[in-house]
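# Observations on chain architecture
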Amino acid sequence: MDKGLDNPAFIVDGTLNGEQNSKSIRENLEIREVKTSEQEFEEGPCGWGLFTPNFIQCCNNPKGYLAFYSLLGITQGALVNGLVNINISTIEKRYNLSSVIAGVISTGYDMSFCALSLFVSYYGQKGHKPRWLAFSAFMLGLGSLVFCLPHFTGGLYNYGAEISETCTLPNSNSSTPECNPSTMLTSSNFIFVFLLGQLLHGVGGTPLYTLGMVYIDDSVSTVKSSLYIGIGNGMSVLGPAVGYILGGQLLDIYIDVNEVSTIPLLQKDPRWLGAWWIGFILCWILAWCLILPLTCFPKHLPGTAEVQLQKVSQAHRYESAGVFKQDHFGETFSDFFAVLWMLLKNSVFVFLAIASIAEGLVITGFVTFMPKYIENQFGQTASLAATLGGVVLIPGAFLGQIAGGIIISKLKLHCRDMIKMAAVTSMLSLLFSFIFIFAKCSNHPFAGVNQDYNLSRTAEKFNLDAPCNDECHCIRSYYNPVCGADDVQYFSACYAGCTNATDNSQVYQDCSCIQTVADAHVAHEGKCGSSCNNLPIFLGFFLIAVILTFMTSTPITIAVLRCVPDNQRSFSLGIQWVFVRLLGTIPGPILFGTVIDLSCVLWNEDDCGHRGACWIYDNAKMAYMLTAIGTSCKLISFLATIAAYFQYRPPQVAEVTEQIANGPSSLWGFNNEDQDQDLTVTDRENVHTAH
């Protein structure tokens, strides 16, 4: 084939000359039409075998499929990106886990997704995609059921009520807790149960974002595809909204619902743990309710054959691309590694995958630990912090996905323009990432951590013990902060040296470590109120950053589908997701968890002396380190999209002309109002004048 010219449909500013062959091309476009067999696409009615009731045929179209695809995406998002993230802090405290271990549990989803993505996307692209989604629903429900098993097998939560809250005199009869190594062993075993649940979630999520997305792209035109995929992805991020809101409300219910009437704890008590497990039970039921509807869809929706004939390839032109034109290449499993290697030689695809890796790392990291950041940085309760995190993350992600799809659809952006759009939104979100520094809050004075005990300089050594509480025999594993009349926070009433308490333990008196205020040494239960007013500013600017971040992901996803051969779209998404999971979303929570742990200044130590979860963080250090990670990832994403933009080479005119000539003449007839046009009138005129 002659070298030809770049396809003018993808060159916005170029001026093309030459009209000697326009007449012959126009004749070919009008008279040549090839019929594609419906048997190849296996179009058919909704139903199960011979049972195809009429009342469900209203769903046998792209909109009907999109509805059930969105419901499954909402369920998956509620589980993996909602309930798991909002409850990770509660699970840490309940089973005495560090943030690093919690990050490992969170990445279990990505581990199985990464292991299965290549196989599922390659093998399933020729299979029955809706049935793969039914399998996805089954595994998501099973994983949800497994994930909540530790609650039912781990016994009742021991919040340590038998420990004295006040200073214990040396001659008192109060007992101190003893080391029980078996408890540590039991909690360690639950780690593997949580990890198994996340692995099953990953198995269920694999077909959803590879095969399920391509099924949409198969069924609608190029113009509508970006809008449908944007809506599907936008609806899927509503899942985390459901998870955050539902999970936040469930955290106000005591973890052992049958024992709530006998529990003296209040919700503001740091020992309070909410009923994290109820949300997983509800998602288990919802996921399994979607199995039957998903199995009724045909292998291809009616009209798929006609839609496919109307599409013009925008695949990146590179040296090895011609191998995909060979008959039956990539249709058998024996071609697996050859196809994989050919796609990896597509430089545009690789750069877009790198951008997706950077975006995936920063998204999963912030989604996982944003509630914890708000809780510690701005002094909010776990429930309110989770709700605020959801209020910002979920609407921002939804608006970003939908806005990205609408912009691409309305402006009819081609592959190169989508990459340009991703670069612009990535740079803008990079600028808004600095809000973590500008809206950070200083730590409240905390005795023994960053504040002196009267005249003792123990804060330099981060030592909670001081002469004023040396005889109190306080328990380090019993964290119940109180706020002194001197506006200093103390680890507990015992460490504040308080010897007396009111009947409801809300006010503590005779506190030897608290400086005299109005002739009283008193303290109130709970943390001191934060004097930092930066929370509204932080939430506002972070919302904009989230919107821009998810506006970046939509054009990158569509560009990946366009820059590869049409028959390898599922596999290309599978490869992309392997890189995103392996290098982005798997190390993301672990990296963020490690950074957050590095900013810890006060660790929980159990009765055996083992270090568990962190109680107090250095707010400034946490803000600077998270800003460094976020800006680095955004910079990598921006540079990768710029490289992809300059690397992209659209198909040659001769190749596009051949595709158009072999397609249905109705594509260019302007008389079919029901069909969307893949190219504008100007684009068609450019194709004619190119010859």
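Preceding this paragraph is the structure being described.
### Some remarks on the overall build of the protein chain
- Counting its secondary structure elements, the protein chain contains 25 helices and seven strands.
- In the protein chain, buried positions account for 57% of the 691 residues.
- Here the analysis covers contacts within the protein chain between residues at least 6 apart in sequence; of these, 81% occur between residues at least 24 apart.
- With an accessible surface of roughly 28600 Å², the protein chain has 60% of that area assigned to carbon and sulfur atoms.

### Things to note about the pairing of strand β4 (residues 507-511)
- Sheet topology note: the strand β3 (residues 498-501)/β4 ladder contains three bridges and is antiparallel. Paired with Ala501 across the two strands is Tyr508, which belongs to β4.
- Both β4 and strand β5 (residues 523-525) contribute to a ladder of two bridges, which runs antiparallel. The residue bridging Val507 from the neighbouring strand is His524, located in β5.

### Things to note about the packing of helix α10 (residues 222-236) against helix α17 (residues 382-411)
- In the contact formed by α10 and α17, the axes pass within 8 Å of each other and the chain directions differ by 175°. Accordingly, the angle class assigned to the pair α10 and α17 is roughly antiparallel. Of the residues in α17, those touching α10 at Val223, Ser226, Leu227, Gly230, Ile231, Asn233, Gly234 and Met235 are Phe398, Gln401, Ile402, Gly405, Ile406, Ile408 and Ser409.
- Taken together, the residues of the contact of α10 with α17 break down into eight nonpolar, seven polar and no charged.

### Describing the pattern of salt bridges
- What the rule picks out here adds up to four salt bridges.
- For Glu92, the salt bridge is made with Lys372, and the minimal N-O distance between the two is 3.1 Å. Here the residue Glu92 occupies a position in helix α3 (residues 62-95), and Lys372 occupies one in helix α16 (residues 347-377), the gap between them amounting to 280 residues. In this pair, the class of Glu92 matches that of Lys372, namely buried.
- Lys129 is the salt-bridge partner of Asp218, the closest N and O atoms lying 3.9 Å from each other. On the criterion of sequence distance, the pair formed by Asp218 in helix α9 (residues 211-219) and Lys129 in helix α6 (residues 129-147) is long-range, its members being 89 residues apart. Here Asp218 matches Lys129 in class, with each residue buried.

### Remarks on the packing of α3 against α10
- In contact at an axis separation of 7 Å, α3 and α10 are set at 30° when each is read in the N-to-C sense. With respect to each other, α3 and α10 are oriented roughly parallel. Here the hand of the crossing between α3 and α10 comes out right-handed. Contact with α3, carried on its side by Pro62, Lys63, Leu66, Tyr69, Ser70, Gly73, Ile74 and Gly77, involves Tyr228, Ile231, Gly232, Asn233, Met235 and Ser236 of α10 and no other residues of that element.

### Description of the state of the cysteines
- The final tally for this structure, using the stated rule, is six disulfides.
- The disulfide partner of Cys483 is Cys528, and the S-S distance across this bridge is 2.0 Å. Disulfide Cys483 to Cys528: torsion about the S-S bond roughly 105°, handedness right-handed. Taken together, the residues Cys483 in strand β1 (residues 482-484) and Cys528 in the loop between β5 and α20 (535-562) connect sequence positions 45 residues apart.

### As for the packing of aromatic side chains
- The tally for this structure, following the rule as stated, stands at 36 aromatic pairs.
- Taking 5.7 Å as the distance between ring centres and 90° as the angle between the ring planes, the aromatic pair formed by Tyr65 and Phe297 counts as edge-to-face. With a gap of 232 residues between them, Tyr65 in helix α3 and Phe297 in the loop between α13 (291-295) and α14 (304-310) connect regions that are remote in the sequence. Like Tyr65, the residue Phe297 is buried in the burial classification.
- Pairing Tyr373 with Phe538 gives two aromatic rings, centres 5.6 Å apart and planes at 40°, and the pair type is tilted. Placement of Tyr373 in helix α16 and of Phe538 in helix α20 is noted, with a sequence separation of 165 residues between them. Phe538 shares its class with Tyr373; the two are buried.
- Three or more aromatic residues joined by ring pairs make a cluster, and in this case those are Phe366, Tyr373, Phe378, Phe436, Phe538, Phe542 and Phe592.

### Some points on the environment of Leu561
- Here Leu561 shows up in helix α20.
- Taking the relative accessible area as the measure of exposure, Leu561 reaches 0% and is therefore buried.
- As a C-alpha pair, Leu561 and Leu573 span 12 residues in sequence and 7.5 Å in three-dimensional space.
- Apart from residues lying up to four places away in sequence, Leu561 is in contact with Val214, Asp217, Ile229, Arg569 and Leu573.

### Re the nonpolar core
- Counting residues in hydrophobic clusters, the biggest one holds 88 residues, and the most contacted among them are Tyr69, Trp276 and Leu352.
- Per-element accounting of this core gives the leading share, 11 residues, to α3.
- For Tyr69, the residues in contact, after removing those within four places along its chain, are Leu133, Leu208, Tyr209, Gly212, Met213, Ile216, Gly232 and Asn233.
- One finds Phe366, Val392, Ile435 and Tyr617 within the second-largest nonpolar core, a separate group that totals 44 residues.

### Section: the sheet that holds strand β2 (residues 489-490)
- The antiparallel open sheet is built from five strands, whose spatial order is β2-β1-β5-β4-β3. Each end of this open sheet is capped by a strand with a single partner; those strands are β2 and β3.

### Looking at the environment of Val424
- Its place among the elements puts Val424 in helix α18 (residues 415-432).
- Once the C-alpha coordinates of Val424 and Ile642 are considered, the two residues, 218 residues apart in sequence, prove to be 9.3 Å apart.

### Quick word on the side chain of Ser112
- Tracing the sequence through the fold places Ser112 in helix α5 (residues 108-124).
- For Ser112, a relative accessible area of 8% translates into the label buried.
- At 3.2 Å, the side chain of Ser112 forms a polar contact with the backbone oxygen of Tyr109.
- In contact with Ser112, other than residues within four places in its own chain, are Gln198, Leu199, Gly202, Val203 and Thr206.

### Side note on a nonpolar patch on the surface
- A surface patch of nonpolar side chains, amounting to about 330 Å² of accessible area, comprises Trp48, Phe51 and Leu292.
- Assignment of secondary structure puts Trp48 in the loop between α2 (38-41) and α3.

### Details of the side chain of Lys372
- Judged by its relative accessible area of 7%, Lys372 falls in the buried class.
- Here Glu92 takes part through its side chain, which lies 3.1 Å from a polar atom of the side chain of Lys372.
- Non-local contacts of Lys372, meaning those with residues more than four positions away in its chain, are made with Glu92, Ser99, Ile596 and Tyr617.

### Some details on unusual backbone geometry
- For Lys412, which is not glycine, the phi dihedral falls at a positive 50°.
- Turning to its location among the elements, Lys412 is positioned in the loop between α17 and α18.
- A positive phi angle, near 55°, is found at Asp510, a position not held by glycine.
- As for its position among the elements, Asp510 is in strand β4.
- Judged by its relative accessible area of 44%, Asp510 falls in the partly exposed class.

### Let's talk about the environment of Phe147
- Note that Phe147 resides in helix α6.
- Note: C-alpha distance between Phe147 and Gly197 (50 residues apart in sequence) is 4.5 Å.
- Apart from the residues lying within four places of it in its own chain, the contact partners of Phe147 are Val84, Ile91, Ile105, Phe194, Gly197, Gln198, His201, Trp276 and Phe280.

The rules behind each value
- Numbering of residues begins from 1 in every chain and follows the order in which that chain's sequence is written.
- Reporting of local features is limited, given that this is a predicted model, to residues whose pLDDT is at least 70; pairs of side-chain atoms are given and counted only at 80 or more, and all residues count toward the totals for whole chains, interfaces and linings.
- To obtain the side-chain values, all non-hydrogen atoms of the structure were used and water was disregarded.
- Comment: elements are numbered from the N terminus, with helices defined as DSSP H or I runs of at least four residues and strands as E runs of at least two.
- The cut-offs for exposure are 20% and 50% of the maximum accessible area for each residue type, with area from a 1.4 Å probe on protein chains only; residues under the lower value are buried, those over the upper are exposed, and the others partly exposed.
- Residue contacts are defined here by distance: any two heavy atoms, one from each residue, within 4.5 Å place the two residues in contact.
- Per-residue and other accessible areas follow the Shrake-Rupley method at a 1.4 Å probe size, with only the shown protein chains counted as cover for residues.
- We treat two strands as partners when DSSP finds at least two bridges between them.
- Orientation is described by axes fitted as lines to C-alpha atoms, over the contacting stretch for helices, and by angles from 0 to 180 degrees between their N-to-C directions.
- The scheme is simple: roughly parallel for angles under 35 degrees, roughly antiparallel for over 145, roughly perpendicular for 65 to 115, oblique for anything else.
- Three classes are used, and their members are as follows: Ala, Val, Leu, Ile, Met, Phe, Trp, Tyr, Cys and Pro are nonpolar, Asp, Glu, Lys and Arg are charged, and the others, Gly among them, are polar.
- We define a salt bridge as a contact between a side-chain nitrogen of Lys or Arg and a carboxyl oxygen of Asp or Glu at a distance within 4 Å.
- Should the near helix be turned anticlockwise from the far one by less than a right angle, the crossing is termed left-handed; should it be turned clockwise, right-handed.
- In this description, the term disulfide denotes a pair of cysteine sulfurs within 2.5 Å.
- Stacked, tilted and edge-to-face are the three classes applied to pairs of Phe, Tyr and Trp rings, where Trp contributes its six-membered ring and a pair requires centres within 6.5 Å; stacked means planes under 30 degrees apart, edge-to-face means over 60, and tilted covers the rest.
- Among the buried residues, those of types Ala, Val, Leu, Ile, Met, Phe, Trp, Tyr and Cys that are joined through side-chain atoms within 4.5 Å form a nonpolar core.
- Two N or O atoms count as a polar contact when they lie within 3.5 Å, although within protein this holds only if one can serve as hydrogen donor and the other as acceptor, and sequence-adjacent residues are included solely when both atoms are side-chain atoms.
- Patches here are clusters of residues that have more than 30% relative accessible area and form no salt bridge, with a 9 Å joining cutoff for like charges and a 5 Å cutoff for nonpolar side chains (Val, Leu, Ile, Met, Phe, Trp, Tyr).

Just geometry here; none of it tells us what the structure is for.
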